[in-house]
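Examining the three-dimensional arrangement
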Amino acid sequence: MRKIIIAGNWKMYKTIPEAINTVNSVKAGLHKVSDVEIVVCPPFTAIHTVAGLLEDSVVDLGAQDMHYETEGAFTGEVSPLMLKDIGCRYVILGHSERRAHFKESNDLVNKKAKGAVKFNLIPIVCVGETLAERESGRQLDVVRAQFAGTFKGFTAEDMEKVVIAYEPVWAIGTGKTATPDQAQEMHAFVRSLVQEMFGEETASGLRILYGGSVKPDNTAELINQLDVDGALVGGASLKAESFVQIVNAAVQAVVSKE
Ligand code: 13P
């Protein structure tokens, strides 16, 4: 049984006081969540503070991006060593916003994912098609190409340390969620790609999260899908109340999935 993950991607939101408020409210709102892994990914400026607040909680810490080198003359960048140092367990890589606004290629995401695995950070690697790509029926080809480029040179052992997030670009921040069937179809497809490249055992253990307008009222139907192993939540993770509701919906869904 793959353990469900609910991860909150705060993107470029929250000052330190706002982050403290949100994390304290999340901690106060959570009860009995042993069946679900919970992660928050604050902006870099709030990570250290949030790390301190999460020390005595079940919530794990993640970052939203990193450079692939350990250290060096890379002005403005943050390394995997630094993320480990500050207490991160996860790092989101290849988010569509980074691919679109910062021109991140599959090749770059590949280097970053290798860097993460080397430092025992769990990369949450994002893939997903745009609206135009889906409307022209190319979504499977697009995701196949992203997958092949991103995991080039990975071994099955590396792959076992990875989480994938399917985030259709047209569903991010738009209020338009993929239907449970659309999500399941793509998640099953991604799992079949993992199987082709890395074998059955790796494929059946690999967690694939869905991201794109996840909210408290659509969480259960998404997580009830066979190949959906959790959610990467943007907007609804910014408010403690809705994030906790999503976690609770996931806990309920796990019970009915078992
Ligand atoms: P929304 O939940 O705001 O659509 O964002 C999804 C996302 O990009 C998570 O990484």
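Preceding block: the structure.
Values in this document were obtained by computation on a predicted structure and should not be read as measured data.

The next point concerns the sheet that holds strand 5 (residues 122-127). Reading around the circumference, 1-2-3-4-5-6-7-8 is the order of the eight strands in this closed barrel, with parallel pairing throughout. Mean inter-strand twist for the sheet, computed between neighbouring axes without regard to direction, equals 25°. Note: strand 1 (residues 4-9) against strand 2 (residues 36-41), six bridges, orientation parallel. Looking across to strand 2, one finds that Ile 5 is bridged to Glu 37. The strands touched by helix 2 (residues 44-54) are strand 2 and strand 3 (59-63); relative to strand 3, the strand with the most contacts, the crossing angle is about 165°.

Looking now at the packing of aromatic side chains. Each aromatic ring pair is specified by the distance between its two centres and by the angle formed by the two planes. If you walk through the whole model with that rule in mind, you get three aromatic pairs. Geometrically, the ring pair formed by Phe 151 and Phe 154 is edge-to-face, given 5.3 Å between the ring centres and 85° between the ring planes. Owing to a relative accessible area of 0%, Phe 151 belongs among the buried residues under this scheme. Exposure remark for Phe 154: the relative accessible area of 8% places this residue in the buried category. Counting every residue linked through ring pairs, the aromatic cluster contains Phe 147, Phe 151 and Phe 154. The cationic tip of Arg 98 hangs over the ring face of Phe 102; the distance from NZ or CZ to the ring centre is 4.2 Å.

The next subject is helix 1 (residues 16-29). Taking 1.5 Å of rise per residue, the 14 residues of helix 1 would be expected to cover 20 Å, and the 20 Å separating its terminal C-alpha atoms lies within 8% of that figure. Taken together, the buried positions of helix 1 are Ala 19, Thr 22, Val 23 and Val 26. One side of helix 1 carries all its buried residues, which in axial view fall inside an arc of 95°. In helix 1, the exposed positions that point more than 90 degrees away from the buried face belong to Pro 17, Asn 21 and Ala 28.

Basis of the calculations
- Within each chain, residues carry numbers counting from 1 in the order of the written sequence.
- At least 70 in pLDDT is required for a residue's local features to be given in this predicted model, at least 80 for side-chain atom pairs to be given and counted, and no such filter applies to totals for whole chains, interfaces and linings, which use all residues.
- Hydrogen atoms and water are omitted, and side-chain values are computed over all heavy atoms in the structure.
- The pairing criterion for strands is at least two bridges between them, as found by DSSP.
- Note on conventions: DSSP H or I runs of at least 4 residues are helices, E runs of at least 2 residues are strands, and numbering of each starts at the N terminus.
- Each axis is a line fitted through C-alpha atoms, taken for helices only over the stretch in contact, and angles between the N-to-C directions span 0 to 180 degrees.
- Contacts are residue-level and defined by heavy atoms, with any inter-residue pair within 4.5 Å sufficient.
- Ring pairs are drawn from Phe, Tyr and Trp, using the six-membered ring of Trp, whenever the two centres fall within 6.5 Å, and their geometry is named by plane angle: stacked under 30 degrees, edge-to-face over 60, tilted for the rest.
- The buried label applies to any residue whose accessible area, calculated with a 1.4 Å probe on protein chains only, is under 20% of its type's maximum; exposed applies above 50%, and partly exposed to all values in between.
- Only Lys NZ and Arg CZ are tested; either one counts as a charge over a ring when it is within 6 Å of the ring centre and within 35 degrees of the ring normal.
- To estimate how far a helix should reach, multiply one less than its number of residues by 1.5 Å.
- To be clear, the arc concerns the directions from the helix axis to the C-beta atoms.

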